[in-house]
Amino acid sequence: MQSQQIVDAVHAKVAPLIGCGRVADYIPGLAGVDPRHFGLALATKDGAVYGAGDWQTPFSIQSVSKVFALALVLSHDSDAIWRRVGREPSGSPFNSLHQLEHDLGIPRNPFVNAGALVVVDQLLTLTGDPCLAVLDLLRAEAGNPAIGVDEQVAKSEAEHRHRNAALAHLVASYSNLTNPVDAVLDQYTAQCAIAMSCGDLARAAGLLARHGLRSNGSRFLSRSDAKRLNATMLTCGTYDGSGEFAYRVGLPAKSGVGGGILAVVPNRCTLAVWSPGLDECGNSYAGQAALDTFTTLTGWSVF
Ligand code: DON
C-alpha cells in the first residue's frame, strides 16, 4: 500500500469516531474549537508528506511542544536535566500536584506539566528565550517560517494558569527552579500555544525517525539521546493513558490537549494526527483510534 492510500484508509476507518470525546475547556481559548476536525499526516524520514482531512490546518499543539523543548535541552547537555526530572510513567493526571509533592519536587517525567516547567526553566538558562528556540527548531525542520504562537490561546491560558502556577511554585519550593517562576510560566504558556498543521508537525519531528539527524543531515541529538527521547515518549507521552496507548498502538508518541498526537516509527516515518475530542486522560479520542488503525493496517510499530 502506498503512503497516500494508507492515510486515506485510516481516515475512512475512523470517520465514525470523529467528534467523540470532549474538547478541552479548562483553557477557554480551546473550548470553542469544532470537535469534528480531523487531520492526519505522514512524513517519511526523507521528508515527503502525505495527508488526509484537515492535515494542513494549524491547531494548538499544546503538550506536543514538550518533545521539542526536551530535545533542545538534550542537544545542549544529555545528562543535566535528568538530575532534576525523572523518567518514569506518572500513572497520574498530567497536572497532578499530589504526585509532585509526594516526589519532593522532582517531577515524575518531562512530559507532565511540572516536568515540562523544569525543562523550560533549563532551556531559559541555556537560551534566554525557550519559546523562540522551540519555534526556530520547528520552523527550520518543517521548512515553514510562518509557524508561530496563537496569541489568543496564549492569553487565555495565561489568564487561567492557576494550576500550572501552583505546580511551578511547588517545584520552586523544593529549589528545583533556577529562574523566576513567572518567567518560566510565561515561556511555558507561550510554547504550549504554538499553532501548526499536522503536515508541519510530522515533518518537524523527522529527526526522531532519523535517530537524531536534522533535515539537512547534521546531527542534532546523539543516537542514544534520540533513542532515549523516543523511549520516554513511549512510556510517558500519553500520561496515565500510556500503557493503553502502547498496547493499542505500539509507537513512541506525545499528545496535547489541543487534540494533537505526534507518533514516531523509527527509521521510517512520523505521523501527526489532530482531532480535538479528548478521552479522560486528555488524549485525542479519534487520534488514538487513527494511530491504532495505522499500526494494525501497516504492521509498522516498534514491536
Ligand atoms: O499546561 C497545560 O495544561 C496545557 N497547556 C498543556 C497540557 C496538555 O496538553 C496535556 N496533554 N494532553
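Now for a quick tour of the structure. (Residues numbered from 1 in each chain as written. Predicted model: local features only at pLDDT ≥ 70, side-chain atom pairs only at ≥ 80, totals over all residues. Heavy atoms only, no water.)

1. Considerations on the site of the ligand
- Close to the ligand lie 15 residues, the nearest being Y26, Q62, S63, E157 and Y188.
- The contact in question runs from an oxygen atom of the ligand to an N or O atom on the side chain of N164, over 2.8 Å.
- Protein chains bury 99% of the 340 Å² of accessible surface belonging to the ligand in isolation. (Near = heavy atom within 4 Å. Polar contact = N/O pair within 3.5 Å; in protein donor to acceptor, adjacent residues only side chain to side chain. Areas by Shrake-Rupley, 256 points an atom, 1.4 Å probe, with all protein chains shown as cover.)

2. Examining the side chain of S156
- Here S156 shows up in helix α7 (residues 151-159).
- Excluding anything up to four places from it in sequence, S156 contacts I27, P28 and G29. (Helix = DSSP H or I, 4+ residues; strand = E, 2+ residues; numbered from the N terminus. Contact = heavy atoms within 4.5 Å.)

3. Some thoughts on the packing of helix α1 (residues 3-14) against helix α14 (residues 285-298)
- The contact between α1 and α14 brings their axes to 9 Å, and the two run at 130°. Comparing the axis directions of α1 and α14 gives the class oblique. Once α1 is placed against α14, the crossing between them reads as right-handed. Taken together, the residues of α14 that come into contact with α1 (itself represented by I6, A9, V10, K13 and V14) are A286, A289, A290, T293, F294, L297 and T298. (Axes fitted to C-alpha atoms, helices over the stretch in contact; angles between N-to-C directions. Parallel < 35°, antiparallel > 145°, perpendicular 65-115°, else oblique. Left-handed = near helix turned anticlockwise from the far one by under 90°.)

4. Some points on helix α8 (residues 162-173)
- With 12 residues, α8 extends 16 Å from end C-alpha to end C-alpha; this agrees with the ideal 16 Å at 1.5 Å per step.
- Among all positions in α8, only N164, A165, L167, A168, L170 and V171 are buried.
- Looking at the packing, one finds that the buried side of α8 touches α4 (97-102), α5 (113-127), α7 and α9 (181-192). (Expected span 1.5 Å × (residues − 1). Buried < 20%, exposed > 50% of the residue type's maximum accessible area, 1.4 Å probe, protein only.)

5. Overview of the sheet that holds strand β8 (residues 269-274)
- Read from one edge to the other, the open sheet built from 5 strands follows the order β2-β1-β8-β7-β6, with strand pairing classed as antiparallel. If you trace the sheet from one side to the other, it starts and ends with β2 (49-53) and β6 (253-255), each paired once. The mean angle between the axes of side-by-side strands here comes to 10°, regardless of whether they run parallel or antiparallel.
- The pairing of strand β1 (residues 39-44) with β2 spans 5 bridges and is antiparallel. Note on β2: the bridge partner recorded for L42 is Y50.
- The sheet contacts of α1 involve β1 and β2, and relative to β2 the element is tilted by about 25°. (Pairing = 2+ DSSP bridges.)

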